[in-house]
Amino acid sequence: MKKLMILALFVTGFALASNAQESGKKKTVIELPQWVKNIKISGYGMLQYQADDKYSSLYDEHGDPIKNHENSFNIRLMRLIMDGKISDFAWRVQLQGSSNAGPGNPTVMLVDLYAEWQKYDFFRVKVGQFKRAFTFENPTHPITQGWYSYATIINTLSGFGDRSGEKPSGGRDIGIQVQGDFLKNAAGRNLIHYQVGVYNGEGINQKDKDSRKDIIGGIWVMPVKGVRIGAFGWTGSRGDMTWIDENGKECKGSVSKNRYCLSAEYDKDEYTFRAEYIHSQGWGAAKPDSRTVDVSLGDKADGFYVFGIVPVIKSKLHAKARYNMYRPTKEWSSSKTMYEVGLNYFITKNIQINAEYARVNDRTLSKHNYNFVDVQFDFRF
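All residue numbers here refer to positions counted from 1 along the written sequence of the relevant chain. Note on the predicted model: pLDDT of at least 70 is required for a residue's local features to be given, and 80 or more for side-chain atom pairs to be given and counted; whole-chain, interface and lining totals, by contrast, use all residues. Where side-chain values are given, they derive from all heavy atoms of the structure, hydrogens and water being excluded.

Comment: elements are numbered from the N terminus, with helices defined as DSSP H or I runs of at least four residues and strands as E runs of at least two. If you trace the backbone, Asp162 turns up in the loop between helix 3 (152-157) and strand 8 (172-184). Only protein chains enter the calculation, and the probe is 1.4 Å; a residue is then buried if its accessible area is under 20% of its type maximum, exposed if over 50%, and partly exposed in between. When its relative accessible area of 1% is taken as the criterion, Asp162 is described as buried. Separated by 2.9 Å, the side chain of Asp162 and the backbone nitrogen of Gly159 make a polar contact. Should any heavy atoms of two residues lie within 4.5 Å, those residues are considered in contact. Setting aside residues up to four positions removed in sequence, Asp162 forms contacts with Asn155, Thr156, Leu157, Trp234 and Arg259. We define a polar contact as two N or O atoms separated by no more than 3.5 Å, with the added condition that, inside protein, one atom must be a possible hydrogen donor and the other a possible acceptor, whereas residues neighbouring each other in sequence contribute only through side-chain atom pairs.

Here it is, written out as structure tokens:
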């Protein structure tokens, strides 16, 4: 014990002597570049529980539909984001943690990587991997969007788990886009927004397979604060697809994608109402992340959604309702419709609980109607 006390006194004396020597010296200050000071690190997590009581499209030996009831906890999303600015350029890097490789095999995926020249409001240029210039809902933050998932037509016709067979891409692609706002009113608010992009057409982290690019554009007017009315167009292709023709011969080539969207939205003072319709022409794949065409789907699909989210207690509790319909063959016999209601409760500004119930009508199942429940715990940092 005595030796330890002597050692402690020695170390303390040495530290005081060092500080005394340094106090007479000029301190060295390292000045960080401004672009480093501008870096912002953020992120969010979305934890999910889902349950349903649907039946499969198969029948047992007695001719009864086979139960396919499910309930599970799930990590919907986990993302880490770095934003920054260098002169007139803003940049972003976004990474997503997922389990796409299967249970016990988590992966990290690059989601966003882009820079945008923002010197002028009426003409901005973005290069890299980012959200496509299609629909109002696609670029909406998944927590702000307010539902268990994006609307079905956004997931299937806007580059998430796309009808064309792309790997799930969160509505993103690699390319270049120009966009801007112009025509200010007396209050200085812009009345018109436009955006046009050229992309590979293959989704995230993928090179072009046929050297034909997707061209996507949109324009909307904002006549009243909080109101947007817009239209979008998309023409392009997905390469290296295979299918069987009417003569039974296996073919390989590109499949076209021709789509348009009509959109309207009111978003102000915690009241959000939005409606969008999408029509698609072009053969669909058998499943996401596939290059095999499913000719039974036909070459047309469409759908629309409309929803409202309103405050019950301002900044604390919101009520919501949504009609959500998709027809993968543009026929009512293939339609899936969800009638959804729910509540979003804000524990703090950055922590919330979302809950919803849906009555689902899926005409491709042996028993069309079933119940669906989703509860999520979302947080940002």
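What follows deals with the packing of aromatic side chains. Two aromatic rings from Phe, Tyr or Trp, using only the six-membered ring of Trp, form a pair when their centres are within 6.5 Å; if the ring planes differ by under 30 degrees the pair is stacked, by over 60 it is edge-to-face, and anything between is tilted. Per the stated rule, a full pass over the model turns up 20 aromatic pairs. Pairwise contacts between aromatic rings join Phe134, Phe136, Trp220, Phe232 and Trp234 into one cluster. Over the face of the ring belonging to Phe136 we find Arg228, whose NZ or CZ atom lies 3.9 Å from the ring centre. Distance and angle both matter: a charge sits over a ring if NZ of Lys or CZ of Arg is within 6 Å of the ring centre and within 35 degrees of the ring normal.

This part is about the nonpolar core. The biggest cluster of nonpolar side chains holds 25 residues, and the ones touching the most others in it are Phe134, Ile153, Ile154, Ile216, Phe232, Ile278 and Tyr305. Among the secondary structure elements, those contributing two or more residues to this core are helix 3, strand 10 (214-221), strand 11 (227-244) and strand 14 (300-313). For Ile153, the contacting residues outside a window of four places in its chain are Ser158, Glu276, Ile278, Asp302, Gly303, Phe304, Tyr305, Met325 and Tyr326. To form a nonpolar core, buried Ala, Val, Leu, Ile, Met, Phe, Trp, Tyr and Cys residues must be joined to one another through side-chain atoms within 4.5 Å. Core analysis: the second largest hydrophobic core is formed by seven residues, Tyr148, Val360, Tyr370 and Phe372 among them.

Moving on, we come to the pattern of salt bridges. A pair is scored as a salt bridge if a Lys or Arg side-chain nitrogen falls within 4 Å of a carboxyl oxygen belonging to Asp or Glu. Evaluation of the coordinates by the stated rule reveals 22 salt bridges. As a salt-bridge pair, Asp214 and Lys257 come within 2.9 Å of each other at their nearest N and O atoms. Highlighted residues: Asp214 in strand 10 and Lys257 in strand 12 (residues 250-268), separated in sequence by 43 residues. The exposure class of Asp214 is buried, given its relative accessible area of 0%.

So, on to a nonpolar patch on the surface. Patch definition: residues with relative accessible area over 30% and no salt bridge; like charges joined within 9 Å; nonpolar side chains (Val, Leu, Ile, Met, Phe, Trp, Tyr) joined within 5 Å. Note on areas: Shrake-Rupley with a 1.4 Å probe; residue coverage comes only from the protein chains shown. Taken together, the side chains of Leu47, Ile75, Met78, Val341, Tyr345, Ile347, Ile353, Tyr357, Val373, Val375 and Phe377 make up a nonpolar region of the molecular surface, amounting to roughly 880 Å² of accessible area. Elements with a minimum of two residues in the nonpolar patch: strand 4 (70-86), strand 16 (336-348), strand 17 (351-362) and strand 18 (369-380). Topologically, Ile347 is positioned in strand 16.

Quick look at the environment of Phe273 now. Relative to the helices and strands, Phe273 resides in strand 13 (residues 271-281). Sequence-wise, Phe273 and Gly308 are 35 residues apart; in three dimensions their C-alpha atoms are separated by 4.4 Å. For Phe273, the residues in contact, after removing those within four places along its chain, are Ala264, Glu265, Tyr266, Phe307, Gly308 and Val310.

In this structure, strand 16 lies alongside strand 17, joined through twelve bridges in antiparallel fashion. When the sheet's bridge partners are listed, Tyr345 is paired in strand 17 with Ile353. Strands were regarded as paired on the criterion that DSSP finds at least two bridges between them. The hairpin formed by strand 16 and strand 17 contains two residues between the paired strands. Relative to strand 18, strand 17 is paired through eleven bridges, and the arrangement is antiparallel. By the bridge assignment, Arg359 is partnered in strand 18 with Asn371. The hairpin turn running from strand 17 into strand 18, its antiparallel successor, is six residues long.

On to the side chain of Asp378. Structurally, Asp378 can be placed in strand 18. The side chain of Asp378 is buried and forms no salt bridge, while Arg76, the nearest opposite charge, is found at 5.7 Å. Polar contacts involving the side chain of Asp378 include one to the side chain of Asn354, which spans 3.1 Å. Among residues more than four places away in sequence, those in contact with Asp378 are Gly45, Met46, Leu47, Ile143, Asn350, Ile351, Gln352 and Asn354. Two residue types count as positive, namely Lys and Arg, and two as negative, namely Asp and Glu; His and chain ends fall outside the count.

Okay, the confidence of the model for the chain next. Here the chain averages 90 in pLDDT, while 90% of its residues score no lower than 70. Confidence per residue, as judged by the predictor, is encoded in pLDDT with a range of 0 to 100. Per-residue pLDDT stays below 50 along residues 1-23; that stretch engages in zero contacts with residues further than four places along the chain or on separate chains.

What follows covers the pairing of strand 9 (residues 190-199). Within strand 9, seven of the ten residues are buried, which leaves the element mostly enclosed by the surrounding structure. Alignment of strand 8 against strand 9, held across nine bridges, turns out to be antiparallel. Residue pairing in the sheet places Val178 in a bridge with Val196 of strand 9. Here strand 8 folds back onto strand 9, and the loop between the two strands holds five residues, one of which, Gly188, carries a positive phi near 85 degrees. The sheet contact formed by strand 9 and strand 10 spans eight bridges and is antiparallel. When the sheet's bridge partners are listed, Tyr194 is paired in strand 10 with Ile219.

The topology assignment puts Thr156 in helix 3. The class of Thr156 is buried, set by a relative accessible area of 15%. It is 9.5 Å that separates the C-alpha atoms of Thr156 and Pro168, two residues lying twelve residues apart in sequence. When sequence neighbours within four positions are dropped, the list of residues in contact with Thr156 reads Gly161, Asp162, Arg163, Arg259 and Tyr326. Looking at Thr156, its side chain comes within polar contact range of the main-chain oxygen of Thr152, at 2.8 Å.

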